[in-house]
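If you want the building blocks of each chain, they are given just below.
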Amino acid sequence: MLSKCDRGSEWYRWDFHVHTPASYSSQYPDNWDLYIKELILAIRKHNISAFATADYFTIAGYSQMLNYYDKATNTLSVDGESIEVYIVPGVELRLNIFNNSNESINFHILFDPENCGIDFIEENFLEKLKISYRGISYDLKERSLVAIGNAIVEGTDVNITRDYSGVNSIDKQRYLKAAYSTISLSQFDINQASKTISDIFETQNLHKKPYLKIIAGKGHGSLKSLKWFDEQKQLS
């Protein structure tokens, strides 16, 4: 991934929180060429050696980004602009735990791109999770997301049995983004979510778990505003 250094410590700047146009809220809706160009300029300006995608509940942004990326040379390019950078597939999850700012705690999972393909991440991690919407639990699958998003956009009840195969691509994206902005992981605290992720990889007989779990210490959805003690000064 990175060259060996024989003269002591060598520091690299990484960014583990990069959203793509696949995020439910993006200033580059469906304009991937412009997004990649701006990303390359930002990487060059800030001297970034590696970054991880961080779209909520989806790996679709990383999948799309690979169309602009040469894994053999670690080169990201578009319209004559290119830069060498290492890209890590990541997912941002929203837990059903709230801090004092009434923000859901955000939980990041970064996967080893050498051992975890897109299908592997989707089938063995994302689709194994349960999400919650209005107190009801659903599988984290596209059908569930489209059904939830349809209910949000159209102001109706969730109909998980409906045939959504005829929904056009524009409406489908509207439904998905509406769902991504609302859902959370159900019945998991931070430790339980970690154990669930570990169990998923253990069933794959992977002796070395190819992922990194991150909870931000500060910023939106971070631990900084979490109420650690109750009024009696006992652990919450």
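So, here is what we can say about the structure in this document. Note that the structure is a prediction, hence the values are computed from the model and not measured. (Residues numbered from 1 in each chain as written. Predicted model: local features only at pLDDT ≥ 70, side-chain atom pairs only at ≥ 80, totals over all residues. Heavy atoms only, no water.)

Secondary-structure assignment places Asn99 in the loop between β8 (90-98) and β9 (104-111). Residue classification places Asn99 among the buried residues on the basis of a relative accessible area of 6%. Put simply, Asn99 and His220 are 121 residues apart on the chain and 9.8 Å apart in space, counted from C-alpha to C-alpha. Non-local contacts of Asn99, meaning those with residues more than four positions away in its chain, are made with Ile105, Gly221, Ser222, Ser225 and Leu226. (Helix = DSSP H or I, 4+ residues; strand = E, 2+ residues; numbered from the N terminus. Buried < 20%, exposed > 50% of the residue type's maximum accessible area, 1.4 Å probe, protein only. Contact = heavy atoms within 4.5 Å.)

Attention now moves to the pattern of salt bridges. If you walk through the whole model with that rule in mind, you get four salt bridges. Here Asp171 ties to Arg174 by a salt bridge, and the two come within 2.9 Å at their closest N and O atoms. Residue Asp171 and its partner Arg174 are located together in helix α5 (residues 169-180), separated by three residues, close to a single helical turn. Since its relative accessible area comes to 40%, Arg174 is described here as partly exposed. (Salt bridge = Lys/Arg side-chain N within 4 Å of Asp/Glu carboxyl O.)

In this section: the environment of Asp15. Considering the arrangement of structural elements, one finds Asp15 in strand β1 (residues 13-18). Taking relative accessible area as the criterion, Asp15 reaches 31% and is therefore assigned partly exposed. Spatially, the C-alpha atom of Asp15 lies 4.5 Å from that of Phe51, the residues being 36 residues apart in sequence. Excluding its chain neighbours within four sequence positions, the residues that come into contact with Asp15 are Ile48, Ala50, Phe51 and Ala52. A distance of 3.0 Å separates a polar atom in the side chain of Asp15 from the backbone nitrogen of His17. (Polar contact = N/O pair within 3.5 Å; in protein donor to acceptor, adjacent residues only side chain to side chain.)

Another point: the sheet that holds strand β2 (residues 48-53). Read across the open sheet, the three strands follow the order β1-β2-β7; overall the sheet is parallel. Looking at strand neighbours, the two that pair on one side only are β1 and β7 (86-88), the edges of this open sheet. Between one strand axis and the next, the sheet turns by 20° as a mean value, whatever way the strands run. In this sheet, β7 lies alongside β2 in parallel orientation, the contact comprising three bridges. Counterpart to Ala52 in the pairing with β7 is Val88. The strands that helix α1 (residues 32-46) touches are β1 and β2; relative to β2, the one it contacts most, it runs at about 135°. (Pairing = 2+ DSSP bridges. Axes fitted to C-alpha atoms, helices over the stretch in contact; angles between N-to-C directions.)

One pass over the structure, following the stated rule, counts five aromatic pairs. Relative to Phe16, the ring of Trp14 has its centre 5.6 Å away and its plane inclined at 85°; by these criteria the two rings are edge-to-face. The interplanar angle of 45° and the centroid separation of 5.5 Å between the aromatic rings of Tyr24 and Tyr56 together place this pair among those described as tilted. You can see Tyr24 sitting in the loop between β1 and α1 and its partner Tyr56 sitting in strand β3 (residues 55-56), a full 32 residues away along the chain. On the accessibility criterion, Tyr24 (30% relative accessible area) is partly exposed. Taking the relative accessible area as the measure of exposure, Tyr56 reaches 9% and is therefore buried. Taken together, the ring pairs in this structure connect Tyr24, Tyr56 and Phe57 into an aromatic cluster. (Phe/Tyr/Trp six-rings, centres within 6.5 Å; stacked < 30°, edge-to-face > 60°.)

Counting through the fold element by element, Trp14 comes out in strand β1. Measuring from C-alpha to C-alpha, the distance between Trp14 and Ile48 comes to 5.6 Å, with 34 residues separating the pair along the chain.

Quick look at the layout of surface pockets now. Over the atoms, a rolled probe matching the size of one water molecule traces out where space is still vacant. Computed from the structure, the largest pocket encloses a volume of approximately 460 Å³. Looking at the largest pocket, it is lined by 23 residues, and the ones nearest its centre are Thr58, Ala60, Glu122, Glu142 and Tyr180. Of all the secondary structure elements, the ones that give two or more residues to the lining of the largest pocket are α2 (60-65), α3 (118-124), α4 (142-154) and α5. With five residues, the top contributor of residues to the lining of the largest pocket is α5. Looking at the lining of the largest pocket residue by residue, the classes come out as 11 nonpolar, four polar and eight charged. (1 Å grid on protein atoms, 1.4 Å probe; cavity = no way out; pocket = protein on both sides within 12 Å on 5 of 7 lines; lining within 4 Å. Points joined across faces, edges and corners; volume = space filled by probe spheres on them. Nonpolar A, V, L, I, M, F, W, Y, C, P; charged D, E, K, R; others polar.)

Within the largest apolar cluster, 60 residues are counted, with the highest numbers of intra-cluster contacts made by Ile36, Phe51, Met65, Leu76, Leu93 and Phe111. No other element matches the six residues that α1 contributes to this core. Non-local contacts of Met65, meaning those with residues more than four positions away in its chain, are made with Thr20, Trp32, Tyr35, Ile36, Leu39, Phe51, Thr53, Leu76 and Ile87. (Core = buried A, V, L, I, M, F, W, Y, C linked by side-chain atoms within 4.5 Å.)

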